[in-house]
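Results of the structural survey
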Amino acid sequence: MKDMNILVINCGSSSLKFQLINSKSEEVIAKGLCERIGIEGSQIAYTPAGGEKIVTVTPMENHTTAIRLVLNALTDEKCGVVKSLDEIGAVGHRIVHGGEKFASSTLINEEVLKAIETCNDLAPLHNPANLIGIRACQELMPDTPMAAVFDTAFHQTMPKEAYLYGIPYHYYEDYRVRRYGFHGTSHSYVSHRAACMLDKSYEELKIIVCHLGNGASISAVKNGKCVDTSMGLTPLEGLIMGTRSGDLDPAIIEYLCNKENKNVHEILNVLNKESGVLGLSGGFSSDFRDLEKAYNEGQEKAVRTMKAFAYRVAKYIGAYTAAMNGVDAICFTAGIGENNPLIRTMISSYLGYLGIALDEDANSKRGEEVLISTGGSKVKVLVIPTNEELAIARETVELVG
Ligand code: ADP
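Everything quoted here is computed from the prediction, not taken from an experiment.

**Digging into the site of the ligand**
Around the ligand sit Gly213, Asn214, Gly215, Ser286, Asp287, Phe288, Arg289, Ala334, Gly335, Ile336, Asn339 and Arg366, and that is every residue in its neighbourhood. At 3.2 Å from an oxygen atom of the ligand is found a main-chain nitrogen or oxygen belonging to Arg289. Summarising the interface, the protein chains cover 65% of the accessible area of the ligand, which totals 570 Å² for the free molecule. Taken together, the elements giving at least two residues each to the shell around the ligand come down to helix H10 (288-296) and helix H12 (334-339). At four residues, the largest contribution of residues to the shell around the ligand is made by H12.

**Focus on the packing of aromatic side chains**
This model, assessed by the stated rule, comprises eight aromatic pairs. Where Tyr316 meets Tyr320, the ring centres are 5.6 Å apart and the plane angle is 70°; that geometry is what we call edge-to-face. With a gap of four residues between them, Tyr316 and Tyr320 both fall in helix H11 (residues 300-323), about one helical turn apart. The same class applies to Tyr316 and to Tyr320, which are both buried. Its guanidinium or amino end placed over the ring of Tyr163, Arg178 lies 3.6 Å from that ring's centre, counting from NZ or CZ. Directly above the aromatic system of Tyr180 lies the positively charged group of Arg178, at a separation of 4.8 Å from the ring centroid.

**Re the sheet that holds strand E5 (residues 54-57)**
Taking strand neighbours across the sheet as the criterion, the eight strands line up as E5-E4-E3-E2-E1-E6-E8-E7 in an open arrangement whose pairing is mixed. In the strand order of this sheet, the two ends are held by E5 and strand E7 (106-107), each with one partner. As defined by bridge partners, strand E1 (residues 5-11) adjoins strand E6 (residues 88-95) across five bridges and the pair is classed as parallel. Across the sheet, residue Ile9 finds its bridge partner in E6, namely His93. Against the sheet, helix H3 (residues 127-140) touches E1, E6 and strand E8 (146-150), its axis set at about 165° to E6.

Reading guide: rules and limits
- Residues numbered from 1 in each chain as written.
- Predicted model: local features only at pLDDT ≥ 70, side-chain atom pairs only at ≥ 80, totals over all residues.
- Heavy atoms only, no water.
- Near = heavy atom within 4 Å.
- Polar contact = N/O pair within 3.5 Å; in protein donor to acceptor, adjacent residues only side chain to side chain.
- Areas by Shrake-Rupley, 256 points an atom, 1.4 Å probe, with all protein chains shown as cover.
- Helix = DSSP H or I, 4+ residues; strand = E, 2+ residues; numbered from the N terminus.
- Phe/Tyr/Trp six-rings, centres within 6.5 Å; stacked < 30°, edge-to-face > 60°.
- Buried < 20%, exposed > 50% of the residue type's maximum accessible area, 1.4 Å probe, protein only.
- Lys NZ or Arg CZ within 6 Å of the ring centre and 35° of its normal.
- Pairing = 2+ DSSP bridges.
- Contact = heavy atoms within 4.5 Å.
- Axes fitted to C-alpha atoms, helices over the stretch in contact; angles between N-to-C directions.

Encoded structure:
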């Protein structure tokens, strides 16, 4: 593997996460987060490997200022990790929506930027921010190659029957209304790790990946290709999430508009920001640490919420087992999947028909790669911490290598 430092950038509308990763050792050399970009009270948190986190409150009028601060921190005499920007070989950008245009990562040039821009209306909150991040990096590092790694790309292998909605076909032809899916980098990384852990060929396995974080999605990966995933045109569809509703009867939207005297936009805001686990628990919390504690105290609001969450995941596992005519491995990842043994137990309690039994000791672990099904389980259940930044760095090296 080529030895270079890759700067991974995940740019949101007012935040920017970064990691500098060495491609050979795959170690994180430094990482950090800029928050409240363009808003009063902005700050950068920067942590060099083996060092303390340094938080600096400083004005950031835009993303270019934020990236300049990141580059200054990385090359700083005292706390920096590289001598000059020449030691950054390439930049990998996380891009949320690549529409149907991008089925894989790509090196960035003007044509690619234009193509990403045409996907903006599919992800109006994310893509414009991603593009701003690229432009800002190009301004400050004009000679450094940059790659775009898309959240949607891994899912582009889905067959038509999985990505089409049951609506007039011309909506697909005219406006590309279809299932795209998100978290693709994570689903790809975790399914590849599963094959490694099981010491089997990736192309011969049927894998279900449950990415359970604040945003949550599930995917079916058959013979090395994604064949279905739960998020849709937008990340609102599918599982019950931290604050997103996931699947519901679309007629509920008009019904609630009438009852609450709100417009569609306002109700969609409720479905995105006030629903899911937060909404179901009556506004108690969107955080599973709070829910787990309340569940163990027998509080009904947490019991109903966690049960509904687990049931939805189990239902999708059933559907994807059918879609693939079987399953070899089920993987849990992301904040909840990696760290919440209770929810893994609750989901697995629906999977006896697959011959699944959990090893309680193994399942009590949090945040590490571990097989949690018993030796006798025909279908293997795995916990695999996701690492989207490393996956982006690897893709970037491959492209510039
Ligand atoms: P996202 O990246 O989508 O914002 P995460 O993958 O960080 O979300 O997941 C957030 C969820 O994971 C929260 O509900 C939180 O309770 C849970 N979580 C994260 N870390 C831990 C932990 N160490 N122990 C228990 N739960 C955790």
